[in-house]
Every structure is written in structure tokens, then in C-alpha cells.
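Summary of structural features
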Amino acid sequence: DAGVTQSPTHLIKTRGQQVTLRCSPISGHKSVSWYQQVLGQGPQFIFQYYEKEERGRGNFPDRFSARQFPNYSSELNVNALLLGDSALYLCASSLEVKNTEAFFGQGTRLTVV
Amino acid sequence: AQKVTQAQTEISVVEKEDVTLDCVYETRDTTYYLFWYKQPPSGELVFLIRRNSFDEQNEISGRYSWNFQKSTSSFNFTITASQVVDSAVYFCALRGNNAGNMLTFGGGTRLMVKP
């Protein structure tokens, strides 16, 4: 069975641009969460989606948005990129909205120059 | 607010040594879950263990063992007879019962096992 897949694996963007990151959860998993991991730090929670609805949001500016599609895949959008947005963006999928294990993808490494 | 502290930022050991990674947490929830994840250079977070706040039994899985002490809010991780393949960054994480699947991570401990 395929695990959590994220695309692209790496990308480089310029300050002020917009970026879309994609995540496909494990088959049968209905919940997707997004995390930002700045180099040398632990992951920080950005969003959780379940059944296409936002179920949790971390302390991130409105430049960050996400959505979940009927097939449970998800996109994370970041507008007006800043140098500080450079990070590894991790997607986690879980079977239900709570009390189940979260399985992570390999992440998308975003570099903003 | 929830908080996870991993005071050891980096540990270096020689192969076959035992090593303990410390984790201290803060939460106001009476029910919560604690996790350990391993992050190899590839970046993927690999799930190692989940422990709920009602279960204080220590757990052993092969060379890995975990010591959960609610009285000191600690959930420490020991690797016995370390191997070079254990080299990675290890994260302790906390999830409150009402937090969906939102995980609060510690800053991580980089473990280097030298041959």
C-alpha cells in the first residue's frame, strides 16, 4: 500500500510569489494535517482537514490556506512568500479526525529566495 | 497551552552504547497522548510509539524502551545497544484529547551513533 505522498519534493520560489503543495493520504484515511518544520526545529501544526472541512488551525497568518478534495487529497497554499517561509512542509494522514495515528509523508522542501 | 521540551539538542554515542532521550511535557488536559517519532535524513517522520495518559506501564520493543512517568511529566526513550542506523533526529510529541489530531512537537534530539 502506498504511504502518504507529497509533491513536489523540492521547489524554489521567489519572495512575493505563491506556492501550492499537494498531499495524497493513505488509502482509506479521511483526515489530512499540515505541518511546517523550519530547519533545526520541531514541526509546527498548520491545519487539519477532515471530510473536506477545516477542523483545526495553528498560529499561522492568513497567507496560509488549505483545502481538501472529495478524494481526501489536500493542497496547502501560501501566498506572498517570505524568506521565513522556507521550511520542510509535512503532510500527515490519519484514519479519523482524532485518536488515531498520524502517518507522515516525506515532505516538500520549500526554499524562498 | 501544551508544551514539549527535549533538553538534549544533540547526543553522540559509540555503537553498542545505551542512550536515553529525555522528554518533558506540559498540558492541562487530563487525557492526552504521547508519541515518539524518528526523522531520518530523508525527512519523513516515522512513528515509533503512542502512549495514552492512563497507561503508565513501561514498554519495550526490541532495542527500544519507553519510560512514562506521569508524576514528573516525562516520557523518556531508551535505545539499548545503539547502532549506526539509529542515527536520526528523534521527536517527542503530545496530543490533547480535544485537539483532534494536532500534535505539539518538541524541538527534537539529534542522535549520532558512531561506529
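This text follows the structure it describes.
Residues numbered from 1 in each chain as written. Chains lettered and ligands numbered in written order. Predicted model: local features only at pLDDT ≥ 70, side-chain atom pairs only at ≥ 80, totals over all residues. Heavy atoms only, no water.

**Digging into the environment of serine 65 of chain B**
With respect to the secondary-structure elements, serine 65 of chain B resides in strand β8 (residues 64-69). Once residues lying within four places of it in the same chain are set aside, the contact partners of serine 65 of chain B are Glu59, Ile60, Asn76, Phe77 and Thr78 of chain B. (Helix = DSSP H or I, 4+ residues; strand = E, 2+ residues; numbered from the N terminus. Contact = heavy atoms within 4.5 Å.)

**Here's the deal with the interface of chain A and chain B**
Opposite the 21 residues of chain A that make contact, chain B presents 21 residues. Both sides together, the interface formed by chain A and chain B hides about 1,700 Å², and carbon and sulfur atoms give 48% of it. Among the ionic pairs, arginine 50 of chain B bridges to glutamate 101 of chain A, the shortest N-O distance being 3.5 Å. Between the two partners, chain A and chain B, sit four residue pairs in polar contact (both at pLDDT 80 or more). Of all the elements in the fold, those that place two or more residues in the side of chain A that touches chain B are β4 (31-37), β5 (44-50) and β9 (87-94) of chain A. For the side of chain A that touches chain B, the element with the most residues is β9 of chain A, which contributes three residues. A breakdown of the residues in the side of chain A that touches chain B according to their chemical character gives eight nonpolar, 10 polar and three charged. (Buried area = accessible area lost by both parts, 1.4 Å probe. Salt bridge = Lys/Arg side-chain N within 4 Å of Asp/Glu carboxyl O. Polar contact = N/O pair within 3.5 Å; in protein donor to acceptor, adjacent residues only side chain to side chain. Nonpolar A, V, L, I, M, F, W, Y, C, P; charged D, E, K, R; others polar.)

**A look at the state of the cysteines**
Residues and elements named next belong to chain A. Under the defined criterion, the tally for this structure stands at two disulfides over all chains. Note that cysteine 23 is cross-linked by a disulfide to cysteine 91, the S-S spacing being 1.8 Å. With the S-S bond torsion at -65°, the cross-link from cysteine 23 to cysteine 91 turns out left-handed. Here the residue cysteine 23 occupies a position in strand β3 (residues 19-24), and cysteine 91 occupies one in strand β9, the gap between them amounting to 68 residues. (Disulfide = S-S within 2.5 Å.)

**Quick notes on the side chain of arginine 63 of chain A**
Residue and element names in this part refer to chain A. Position of arginine 63 relative to the elements: it lies in the loop between β6 (53-57) and β7 (64-68). For arginine 63, the side chain forms a polar contact with the main-chain oxygen of alanine 80, separated by 3.3 Å. Dropping the residues within four chain positions of it, arginine 63 is found in contact with Asn77, Val78, Asn79, Ala80, Leu81, Leu82 and Asp85.

**With respect to the environment of valine 19 of chain B**
Residue and element names in this part refer to chain B. With respect to the secondary-structure elements, valine 19 resides in strand β3 (residues 19-21). The exposure class assigned to valine 19 is buried, which follows from its relative accessible area of 6%. Setting aside residues no more than four positions away along its own chain, valine 19 makes contact with Ile11, Val13, Phe77, Thr78, Ile79 and Leu111. (Buried < 20%, exposed > 50% of the residue type's maximum accessible area, 1.4 Å probe, protein only.)

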